[in-house]
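This is what each chain is made of:
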Amino acid sequence: MTGDDMPDGLTTTAPAAEPTALVESRMTTLGVLARLVRDPLTSVPPEAYAAPLVRARFAGGQRLYLVDPPLIQDALVRHADDLAKTSDVGRVLGPALGQGLLTAEGAHWRWQRRGAAPAFAPGRLGAFLPAMIAAAEAMTRRWASLGDGAEVDVGHETSVTTLDIIVATMLPGGGDLDVARIVRSVSDYLAPAGWMFACAMLGLPGWMPHPGRRRAMAAARSFQGAMRREVARRRAEPGAADDLVAALLGAADPETGRAMTDDELADNIATFVMAGHETTAVALAWSLHLLSRHPEHEARLVAEVEAVTGGGPVRPEHVERLAFARAVFEEACRLYPPAPIIGRGVRRGFRLGPARAEEGSVLIVPIHALHRNRLLWDQPERFDPERFMPERTRTRHRYSFMPFGAGPRVCIGAGFATLEAVAVLAVVLRAFRLESAGAEPHATMHVTLRPDRPIRMRVRRR
Ligand code: HEM
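Bear in mind that the values here come from a model prediction, so they are computed numbers and not experimental data. (Residues numbered from 1 in each chain as written. Predicted model: local features only at pLDDT ≥ 70, side-chain atom pairs only at ≥ 80, totals over all residues. Heavy atoms only, no water.)

Undergrad: Where do I start with the coordination of the iron atom of the ligand in this structure?
TA: A four-donor tetrahedral metal ideally has 109.5 degree angles, and a six-donor octahedral metal ideally has angles of 90 or 180 degrees. The protein supplies the iron atom of the ligand with one donor atom, Cys-411 (SG), which lies at 2.3 Å. With respect to the secondary-structure elements, Cys-411 resides in the loop between helix H17 (390-393) and helix H18 (414-431). (Donors = N, O, S within 2.8 Å, 3.2 Å for Na, K, Ca; no water. Helix = DSSP H or I, 4+ residues; strand = E, 2+ residues; numbered from the N terminus.)

Given below as structure tokens:
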């Protein structure tokens, strides 16, 4: 396996276009809707894998797909104030995340972002490493207890581990949270996401029945209930910890001076719990999958860990020095970006290269297509971590690789996620050899880019 599983119906064999050309998509509105329901990733026009800018007409409106790094920079950074998140984001994630940092807009977004920022300051991230390493070691103990050569569902394992890390670092003392139940709720909630996107794009009301809706709404209620109990617990113990919740409790709206209400706090804790574990969990699952198919890269990663740790356990001070492990994680995020599509609605029109971003239209950055675009990447389907070693990254445009987004809405947890992923890869691969034990998984989008079947692996002690 070379990381080449393109979503159904997409190929990268279309002829490459000129760097500034605008290509018209031939997809019809009905075709887009059918693909959205099946798998939203397949609604990206195939042309976006070989051209810089693609225009599609959808339900009488315009959608521009940006796959050219300078144009992406122009839109998401320079014109950030002319854009808003697309309404389908709030529609799809709202029932679970309310108006937290990921889904809020304008002034309400800004003060929440300022409030949360101190918890993610670069100088503070290193302090989270002991908890990250401890959670990874707990995963290896779980595997060891199953016996040598046991089979595990890697996606489930990485979900439990990344959720353990979020609880330990962002909600210390949140030991009452039922991690297994949260993992299940998030999974049930995201399962019918394609239907939710399609209903949102047709402007259908939120109560409109669709397959999986009842189960998803029950999952959202269970998830929100757990977050509300967490808020009540923290309100009852003021000053208990210096963590994300403390930062949010201390935040004040600059316009009114008011603090967050219980609902706003619960929405933000929900956002950090969901956005903070699901994405990293799938990125780690894809990383382990790719390594199991490429023993030469796995061997190099293990050799790097051995050299840096001197054969001892992985410690916090080692993690920053694991350049190849980081390159593996980044290359996995290139091939399988956990958030594969970013959308924005245009609030005020502006010129965008050869096209015009019309007011009321939609801009899409199909990160999956950007990361596999033939104009930007040599042999884009090949898994080659070497691309992310420092000497190779210098010559690349900053926005040709953007798993964490760009502009003011860039992921607040990017540094956190990278640190945790490198720590987990180092601890796990040091202890276990992973052999694929199931059919080849394909990537499918359920808000995040998940495997279409469990990634099963046999884990053997080294
Ligand atoms: C590999 C892991 C991750 C990936 C690929 C990822 C990806 C992204 C992307 C692409 C966005 C921007 C979406 C947009 O522009 O529409 C985003 C936003 C966000 N992410 Fe992440 N993320 C990851 C890990 C995390 C972690 C670990 C946390 C928290 C601990 C987190 C919390 C958030 C939040 C709160 C936002 C909203 C930020 C805002 O709008 O101000 N993410 N993430």
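Next comes the rest of the write-up.
Undergrad: What's the story with the packing of helix H8 (residues 179-190) against helix H10 (residues 213-236) in this structure? I'm lost.
TA: Angle between the axes and distance between the axes are the two parameters that describe a pair of packed helices. Running from N to C, H8 and H10 cross one another at 145°; their axes reach a closest spacing of 8 Å. For the pair H8 and H10, the crossing hand works out as left-handed. For the pair H8 and H10, the contacting residues are Arg-181, Ile-182, Ser-185, Val-186, Asp-188 and Tyr-189 in the first and Arg-215, Ala-216, Met-217, Ala-219, Ala-220, Ser-222, Phe-223 and Met-227 in the second. Taken together, the residues of the contact of H8 with H10 sort by class into nine nonpolar, two polar and three charged. (Axes fitted to C-alpha atoms, helices over the stretch in contact; angles between N-to-C directions. Left-handed = near helix turned anticlockwise from the far one by under 90°. Contact = heavy atoms within 4.5 Å. Nonpolar A, V, L, I, M, F, W, Y, C, P; charged D, E, K, R; others polar.)

Undergrad: Just checking my understanding: could you explain the packing of aromatic side chains for this structure?
TA: Centre-to-centre distance and the angle between the planes together describe a pair of aromatic rings. One pass over the full model with this rule turns up seven aromatic pairs. With a centroid separation of 4.5 Å and 55° between ring planes, the pair formed by Phe-388 and Phe-401 is classed as tilted. Separated by 13 residues along the polypeptide, Phe-388 in the loop between helix H16 (367-371) and H17 and Phe-401 in the loop between H17 and H18 bring together distant segments of the chain. The side chain of Arg-334 reaches across the aromatic face of Trp-377, ending 5.1 Å from its centre. Directly above the ring of Phe-388 sits Arg-396, whose terminal nitrogen or CZ lies 4.7 Å from the centroid. (Phe/Tyr/Trp six-rings, centres within 6.5 Å; stacked < 30°, edge-to-face > 60°. Lys NZ or Arg CZ within 6 Å of the ring centre and 35° of its normal.)

Undergrad: Explain H10 here, please?
TA: For an α-helix, the turn length of 3.6 residues means that residues three or four places apart are oriented alike. Spanning 24 residues, H10 covers 35 Å between terminal C-alpha atoms, matching the ideal 34 Å at 1.5 Å per step. Within H10, burial applies to Ala-216, Met-217, Ala-219, Ala-220, Phe-223, Gln-224, Ala-226, Met-227, Glu-230, Val-231, Arg-233 and Arg-234. (Expected span 1.5 Å × (residues − 1). Buried < 20%, exposed > 50% of the residue type's maximum accessible area, 1.4 Å probe, protein only.)

Undergrad: For this particular structure, what's the right way to read the sheet that holds strand E9 (residues 362-365)?
TA: In any sheet, the strands associate via hydrogen bonds between backbone groups, in a parallel or an antiparallel arrangement. Here six strands make up an open sheet; going across it, the order is E1-E2-E3-E9-E6-E4 and the pairing mixed. The open sheet has two edge strands with one neighbour each: strand E1 (22-24) and strand E4 (83-85). Ignoring which end each strand starts from, the neighbouring axes of this sheet average 30° apart. Where E4 lies against strand E6 (residues 342-346), three bridges are found, and the strand directions are antiparallel. Note on E6: the bridge partner recorded for Ala-84 is Gly-345. (Pairing = 2+ DSSP bridges.)

Undergrad: So what exactly am I meant to see when it comes to the pattern of salt bridges here?
TA: Pairing between side chains of opposite charge can happen when their charged atoms approach one another. What the rule picks out here adds up to 27 salt bridges. One salt bridge connects Glu-330 with Arg-326, and the closest N-O pair in it is separated by 3.4 Å. Of this pair, Glu-330 and Arg-326 both sit in helix H15 (residues 323-335), four residues apart, which is roughly one turn of the helix. Arg-326 gets classed as partly exposed once you look at its relative accessible area, which sits at 39%. Arg-387 serves as the salt-bridge partner of Glu-331, at 3.1 Å between the closest nitrogen and oxygen. (Salt bridge = Lys/Arg side-chain N within 4 Å of Asp/Glu carboxyl O.)

Undergrad: Is there a simple way to think about the site of the ligand in this case?
TA: Close to the ligand lie 27 residues, the nearest being Trp-109, Arg-113, Arg-344, Arg-409 and Cys-411. Measuring from an oxygen atom of the ligand, one finds a side-chain N or O atom of Lys-85 at 3.2 Å. A distance of 2.7 Å is found between an oxygen atom of the ligand and a side-chain nitrogen or oxygen belonging to Trp-109. Sort the elements by how many residues they give to the shell around the ligand and helix H12 (residues 262-293) lands first, with six residues. For the shell around the ligand, the per-class residue count stands at 17 nonpolar, six polar and four charged. (Near = heavy atom within 4 Å. Polar contact = N/O pair within 3.5 Å; in protein donor to acceptor, adjacent residues only side chain to side chain.)

Undergrad: Would you mind going over the sheet that holds strand E10 (residues 432-436) with me for this structure?
TA: Here we have three strands laid out as an open sheet, ordered E5-E13-E10, and antiparallel in their pairing. The open sheet terminates on both sides in strands that have one partner only, identified here as strand E5 (150-153) and E10. Here the strands of the sheet are splayed against their neighbours by 40° on average, with no regard to which way each runs. Where E10 meets strand E13 (residues 456-461), five bridges bridge the pair, whose relative direction is antiparallel. Following the sheet pairing, Arg-433 is matched in E13 by Arg-460. The strands that helix H6 (residues 129-146) touches are E5, E10 and E13; relative to E10, the one it contacts most, it runs at about 70°. Where helix H7 (residues 154-170) meets the sheet, it contacts E5 and E13, and its direction lies at approximately 65° from that of E5.

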